[in-house]
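Understanding the architecture of this molecule
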There are 2 protein chains.
Amino acid sequence: MSQMSPKRADGSASDLGTGTASEFGGSGLALFLSTFVNRIDRKGRISVPAQFRTVLGAQSFPGVIVFPSFVAPAIEASGIDHIERLSAGIDQFDPFSDEHDAFAISILADSHQLSFDSEGRIVLPDVLREHAGMSDRAAFVGRGATFQIWEPEAFRTCQEEARKRARDSRISLRFRDSAGER
Amino acid sequence: MSQMSPKRADGSASDLGTGTASEFGGSGLALFLSTFVNRIDRKGRISVPAQFRTVLGAQSFPGVIVFPSFVAPAIEASGIDHIERLSAGIDQFDPFSDEHDAFAISILADSHQLSFDSEGRIVLPDVLREHAGMSDRAAFVGRGATFQIWEPEAFRTCQEEARKRARDSRISLRFRDSAGER
DNA sequence: TGGGGAATTATGGGTGTCAATGGGAAATTA
DNA sequence: TAATTTCCCATTGACACCCATAATTCCCCA
């Protein structure tokens, strides 16, 4: 996977024309797609992929919200807008319900707001770097409305296992089905 | 076959008037049809067939979404709209469900947004070029709501085998039928 | 019906711009 | 003062944009 290559995440930075990306939100929906691997410098700074930045920069807080994944050695990340939507959804529950509690405790309490420096970089809190076991590179993995940040090798492994599991599953079928192939 | 000729995909462009493609049906539905073979220049650029471009250019992101095919040495491609529909469908699942995970990992993470340059060309990431074993030409193969990108010879081979299978099964069916009738 | 000629597409190449990255100085905090 | 964060500048390598040229196709008109 040159995608995981050290040198450059991949052509990714260029995959999306700069100008194009910004107007992408015109339709309202902007997705985080693809995987980018960037370096962590000795000050702990990481460039957020330009493509992701254009999505994040347009939101009410121009930065990233991050919190540890419950199930994997990875960091969940999204724009503030997504968290607000989640929160609004949860608020429909009784404020003292288990759902409300679980959400507040497991997401809100552990999440951090990270803003960009003038070059579009962020610094991950140590807790999170450790949770994901990252040393000197970080993989930004698009998941649609959100993305994750992984130690690149760990993600590789996880991805292979997922493929193994899903090889002949319905995922691929679904793509074809809706493709209106027949 | 003439369809696979190097020079020009074939007269296919004329099968369907250029303007016709985009407004196809007026119902909003536009299909990717036919096969076109174009060159890959030394910078890795490939012209997307004009006919496909008119469909893609009308979508919320004017470019192509590509990701490796699970089952073939080919690249799956579509417009952003198709991915958004898929994603929206998946979002109905619990964000931490296996379904969601498998989709995100196997499609979203491996996909790339490619925008057109001013001449309507794209540059495929190395990972994908390698996955499809492409060197200096690319075959764009219409599949309705989506299309695929192949190394032309590989597609030829695959196509012939498919035909052979189809013919064999038909023959065997006919044999069965007539055998039964007799 | 059969030319031209205009328009569109495919393709090649040069170059300015931007993303990613690294390092240092100023500002802030302990 | 030492340590950390913030801001600014420099470098490099891709790539986005520009222009030029073929190769077709489309369209109009004789």
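Residues numbered from 1 in each chain as written. Chains lettered and ligands numbered in written order. Predicted model: local features only at pLDDT ≥ 70, side-chain atom pairs only at ≥ 80, totals over all residues. Heavy atoms only, no water.

1. Observations concerning the side chain of Asn38 of chain A
Residues and elements named next belong to chain A. Let me state the cut-off plainly: We count a stretch as a helix when DSSP gives it H or I for four or more residues in a row; a strand needs E for two or more, and each element gets its number in order from the N terminus. A simple rule labels every residue: compare its accessible area, found with a 1.4 Å probe on the protein chains alone, to the largest value its type can have, and call it buried under 20%, exposed over 50%, or partly exposed in between. Under the rule applied, a polar contact is a pair of N or O atoms within 3.5 Å (in protein, one hydrogen donor and one hydrogen acceptor; residues adjacent in sequence only if both atoms are side-chain atoms).
Along the chain, the position of Asn38 falls in strand β1 (residues 35-39). For Asn38, a relative accessible area of 17% puts it in the buried group. A polar contact is formed between the side chain of Asn38 and the backbone oxygen of Ser47, at a distance of 2.7 Å.

2. Some remarks on the sheet that holds β1 of chain A
Residues and elements named next belong to chain A. As a reminder, the rule being used: We treat two strands as partners when DSSP finds at least two bridges between them. Helix axes are fitted only over the stretch in contact, all axes being lines through C-alpha atoms; the angle between N-to-C directions runs from 0 to 180 degrees.
As summarised here, the arrangement of the 6 strands in space is β1-β7-β8-β4-β3-β5, forming an open sheet in which the pairing is antiparallel. The open sheet has two edge strands with one neighbour each: β1 and β5 (112-115). On average, each strand axis in the sheet is tilted by 30° relative to the strand beside it, whichever way the strands run. Where strand β3 (residues 63-68) meets β5, 4 bridges bridge the pair, whose relative direction is antiparallel.

3. Quick look at the pairing of strand β1 (residues 35-39) of chain B
Residues and elements named next belong to chain B. For β1, the buried fraction is high: 4 of the 5 residues fall into the buried class. Sheet topology note: the β1/strand β7 (residues 137-142) ladder contains 5 bridges and is antiparallel. Each bridged residue has a counterpart across the sheet, and for Arg39 the counterpart in β7 is Arg137.

4. Observations concerning a nonpolar patch on the surface
Convention followed: Exposure above 30% relative accessible area and no salt bridge define the residues that can form patches, which grow by joining like charges within 9 Å and nonpolar side chains of Val, Leu, Ile, Met, Phe, Trp and Tyr within 5 Å. Residue exposure ignores everything except the shown protein chains as possible cover, and the areas themselves are Shrake-Rupley values with a 1.4 Å probe. For salt bridges, the criterion is a side-chain nitrogen of Lys or Arg within 4 Å of an Asp or Glu carboxyl oxygen.
Taken together, the side chains of Phe70 and Val71 of chain A together with Phe96 of chain B make up a nonpolar region of the molecular surface, amounting to roughly 320 Å² of accessible area. One can find Val71 of chain A in the loop between β3 and β4 (75-78).

5. Some points on the protein's contact with DNA strand C
We apply this condition: Being near a molecule or strand, for a residue, means having at least one of its heavy atoms within 4 Å of it. When residues are sorted by character, Ala, Val, Leu, Ile, Met, Phe, Trp, Tyr, Cys and Pro go into the nonpolar class, Asp, Glu, Lys and Arg into the charged class, and all the rest, Gly among them, into the polar class.
In the neighbourhood of DNA strand C, 30 residues make up the surrounding shell, with Lys43 and Arg53 of chain A together with Lys43, Arg45 and Arg53 of chain B lying closest. Protein-adjacent atoms of DNA strand C, using a 4 Å cutoff, are sugar or phosphate at a proportion of 51%. Here a phosphate oxygen of DNA strand C sits 3.2 Å away from a polar atom, N or O, in the side chain of Arg42 of chain A. Arg53 of chain B places a polar side-chain atom, nitrogen or oxygen, 2.5 Å from a phosphate oxygen of DNA strand C. Among the secondary structure elements, those contributing two or more residues to the surface near DNA strand C are β1, β2 (45-47) and α3 (50-57) of chain A together with β1, β2 (45-47) and α3 (50-57) of chain B. A per-class count over the surface near DNA strand C returns 7 nonpolar, 6 polar and 17 charged.

6. What about the side chain of His112 of chain B?
Along the polypeptide, His112 of chain B turns up in strand β5 (residues 112-115). One polar contact links His112 of chain B to Ser34 of chain A, side chain to side chain, over a distance of 3.5 Å.

7. Concerning the packing of helix α4 (residues 80-90) of chain A against helix α5 (residues 98-108) of chain A
Residues and elements named next belong to chain A. What counts, and what does not: The cut-offs work like this: below 35 degrees is roughly parallel, past 145 is roughly antiparallel, 65 to 115 is roughly perpendicular, and the gaps in between are oblique. Left-handed describes a crossing in which the near helix is turned anticlockwise from the far one by less than a right angle; the clockwise case is right-handed. The contact definition used throughout considers only heavy atoms, calling two residues in contact when any of these lie within 4.5 Å.
The N-to-C vectors of α4 and α5 enclose an angle of 160°; their axes lie 10 Å apart at closest approach. When the axes of α4 and α5 are compared, the pair comes out roughly antiparallel. As α4 runs across α5, the sense of the crossing is left-handed. Contacts from Ile83, Leu86, Ser87 and Ile90 of α4 reach α5 at Glu99, His100, Phe103 and Leu108.

8. Re the confidence of the model for chain A
Caution applies to low-pLDDT regions: their predicted coordinates should not be interpreted in detail. Stated formally: Along the chain, pLDDT gives the predictor's confidence residue by residue, from 0 to 100.
On average, residues of chain A score 81 in pLDDT, and 75% of them reach the 70 mark or higher. With pLDDT under 50 throughout, residues 1-28 of chain A is counted as low confidence; its partners more than four residues away or in other chains account for 58 contacts.

9. Comments concerning the pattern of salt bridges
Per the stated rule, a full pass over the model turns up 12 salt bridges over all chains. Among the ionic pairs, Asp101 of chain B bridges to Arg143 of chain A, the shortest N-O distance being 2.6 Å. Here Asp101 of chain B is found in helix α5 (residues 98-108), whereas its partner Arg143 of chain A is found in the loop between β7 (137-142) and β8 (147-150) on a different chain. The exposure class assigned to Asp101 of chain B is partly exposed, which follows from its relative accessible area of 24%. Notably, a salt bridge pairs Arg121 of chain B with Glu119 of chain B, separated by 3.5 Å at the nearest N-O pair. On the basis of relative accessibility, which here comes to 47%, the residue Glu119 of chain B falls in the partly exposed class. Each of Asp117, Glu119 and Arg121 of chain A takes part in a single network of salt bridges with overlapping partners.

10. Describing the environment of Val37 of chain A
Structurally, Val37 of chain A is set in strand β1. In sequence terms Val37 of chain A and Val48 of chain A are 11 residues apart; their C-alpha atoms lie 9.5 Å from each other.

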